[in-house]
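Secondary and tertiary structure notes
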Amino acid sequence: MERCGTGRPIVALATAGSSSTQWHGLMTESDITDHFELITVDLPWHGSSSPTFGSATGDWNLTPESYSRFIVDATRSIGLRAPILLGASMAGAAVIHAVATYPEDFSGAVAAQAGPRVRNRATPQLRATDIDQSLFVPEWTYGLMNPESPAEFRKRVWWGYSSGGHGLYAADINSYQQWDIDSVADLLGHDSPHIALLSGRYDTTVTPEASQALAKSILNSSFCEMPELGHFPHAENPARFADYLESAVERVLAHRP
């Protein structure tokens, strides 16, 4: 766990196969921590978290339900009271699922790069033993960013994906493809915590149109397009993302039941 700043807590979760290092730019290159406490946690097997004891190499798996349970257990163990959840891509879907299934635990969520469902991110090459995953996975994801986002931050996204364990990204993507808003839509009513959806125009896997369709299926939600950002908005251009994030958090707090 890493935490930085003061104010209302925001718990930030990284994209598939990645780690809390994705949030370092937001912590250090924006003023978001002048107003909020940003807290990051790694899933087991990810980043600074070791594999779970008693498990074999490659045993990692995840489901929308187990991800939500992890988020709840993590926030309760830290002692947080009704934090705001923040996630992008797989984690964007995960924070929606967590708010839907554990509404009393959270003030709301900011979900970036999430659509109603996802079906286009799997390929056999992600588990191939004759392919260097430390090169393939970052190259697979690099083109999802705006090429005009700062090169230093795009490089850090690339490096983060080069540092994951073999098969980790593939396992997370398998979980992500289980996401479907229809499984929790009936739990998200007018009295549910607000969910603010953000979408980078340069994302070709989850387009703004897909995120807007998701927002329309969630009663207490809002939507904002980010024209100059891509699939990793929080990491590829953290200072610009911070502006959108602050506005999204304001909407979450303004619409608290």
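The structure under discussion appears in the preceding block.
Residues numbered from 1 in each chain as written. Predicted model: local features only at pLDDT ≥ 70, side-chain atom pairs only at ≥ 80, totals over all residues. Heavy atoms only, no water.

A separate point is the overall build of the protein chain. What the protein chain contains, in helices and strands, is nine helices and seven strands. Rg of the C-alpha trace for the protein chain: 17 Å, near the compact-globule value of 18 Å for 257 residues, within the 12% margin. For the protein chain, the spread of C-alpha atoms along the three principal axes comes to 50 × 40 × 35 Å. Every one of the 257 residues in the protein chain was classed for burial, and the buried ones make up 56%. Residue pairs in contact within the protein chain that sit at least 24 positions apart in sequence constitute 74% of those at least 6 positions apart. Mean positive and mean negative side-chain charge positions of the protein chain (17 and 29 charges, respectively) differ by 3 Å. (Helix = DSSP H or I, 4+ residues; strand = E, 2+ residues; numbered from the N terminus. Rg over C-alpha atoms; globule rule 2.2 N^0.38 Å. Buried < 20%, exposed > 50% of the residue type's maximum accessible area, 1.4 Å probe, protein only. Contact = heavy atoms within 4.5 Å. Lys, Arg positive; Asp, Glu negative; His and termini not counted. Charge placed at Lys NZ, Arg CZ, Asp CG, Glu CD.)

Another point: empty space enclosed by the protein. Within this structure, the stated rule accounts for three cavities of 30 Å³ or more. What the largest cavity holds in volume is close to 90 Å³. Contributing to the lining of the largest cavity are 16 residues, with Ser89, Arg121, Tyr169, Ile173 and His231 lying nearest its centre. The element contributing the most residues to the lining of the largest cavity is helix H6 (residues 168-176), with three residues. For the lining of the largest cavity, the per-class residue count stands at nine nonpolar, six polar and one charged. Here the second largest cavity defines a volume of roughly 70 Å³. Lining the second largest cavity are Thr63, Pro64, Tyr67, Met90, Ala93, Ala94, His97, Ser175, Tyr176 and Trp179. Within the residue set of the lining of the second largest cavity, elements represented by two or more residues are helix H2 (64-78), helix H3 (90-101) and H6. Broken down by element, the residue count for the lining of the second largest cavity peaks at four residues, all from H3. When grouped by side-chain class, the residues that make up the lining of the second largest cavity number seven nonpolar, three polar and no charged. (1 Å grid on protein atoms, 1.4 Å probe; cavity = no way out; pocket = protein on both sides within 12 Å on 5 of 7 lines; lining within 4 Å. Points joined across faces, edges and corners; volume = space filled by probe spheres on them. Nonpolar A, V, L, I, M, F, W, Y, C, P; charged D, E, K, R; others polar.)

Turning our attention to the sheet that holds strand E6 (residues 194-200). Strand order in the open sheet made by the seven strands is E1-E3-E2-E4-E5-E6-E7, with mixed pairing throughout. Looking at which strands have only one partner, the edges of the open sheet turn out to be strand E1 (2-4) and strand E7 (221-226). Geometrically, the sheet is characterised by an average inter-axis angle of 20° between neighbouring strands, direction not taken into account. Summarising the sheet, strand E5 (residues 108-112) and E6 pair through five bridges and their orientation is parallel. Across the sheet, alanine 111 pairs through a bridge with leucine 197, a residue of E6. Its contacts with the sheet place helix H9 (residues 238-254) against strand E2 (8-13), strand E3 (36-40), strand E4 (84-88), E5, E6 and E7, and it is angled at close to 160° to E6. (Pairing = 2+ DSSP bridges. Axes fitted to C-alpha atoms, helices over the stretch in contact; angles between N-to-C directions.)

In this model, the largest pocket occupies a volume close to 380 Å³. Lining the largest pocket we find 22 residues, and of these Ser19, Thr21, Gln22, Arg156 and Gly160 sit closest to its centre. Every element with two or more residues in the lining of the largest pocket is listed here: helix H1 (24-28) and helix H5 (151-162). With five residues, H5 is the largest single contributor of residues to the lining of the largest pocket. Among the residues making up the lining of the largest pocket, the classes are represented as six nonpolar, 14 polar and two charged. Volume-wise, the second largest pocket comes out at about 160 Å³. In terms of lining, the second largest pocket is formed by Trp45, Thr57, Gly58, Trp60, Arg127, Gly165, His166, Gly167, Leu168 and Ala171. Looking at side-chain class alone, the lining of the second largest pocket contains four nonpolar, five polar and one charged residues.

Among the five residues that make up E3, five are buried, leaving the element largely enclosed by the rest of the structure. Burial of the side chains of E3 extends over both faces: Phe36, Leu38 and Thr40 are buried on one face and Glu37 and Ile39 on the other. Across three bridges, the pairing between E1 and E3 is antiparallel. Pairing of arginine 3 across the sheet is with isoleucine 39, part of E3. By the bridge criterion, five bridges tie E2 to E3 in an arrangement that is parallel. The residue bridging isoleucine 10 from the neighbouring strand is leucine 38, located in E3.

Note on placement: threonine 28 falls in helix H1. When its relative accessible area of 57% is taken as the criterion, threonine 28 is described as exposed. Residues threonine 28 and proline 238, spaced 210 residues apart in sequence, show a C-alpha to C-alpha distance of 9.0 Å. Of note is the side chain of threonine 28, whose polar atom sits 2.9 Å from the backbone oxygen of histidine 24. (Polar contact = N/O pair within 3.5 Å; in protein donor to acceptor, adjacent residues only side chain to side chain.)

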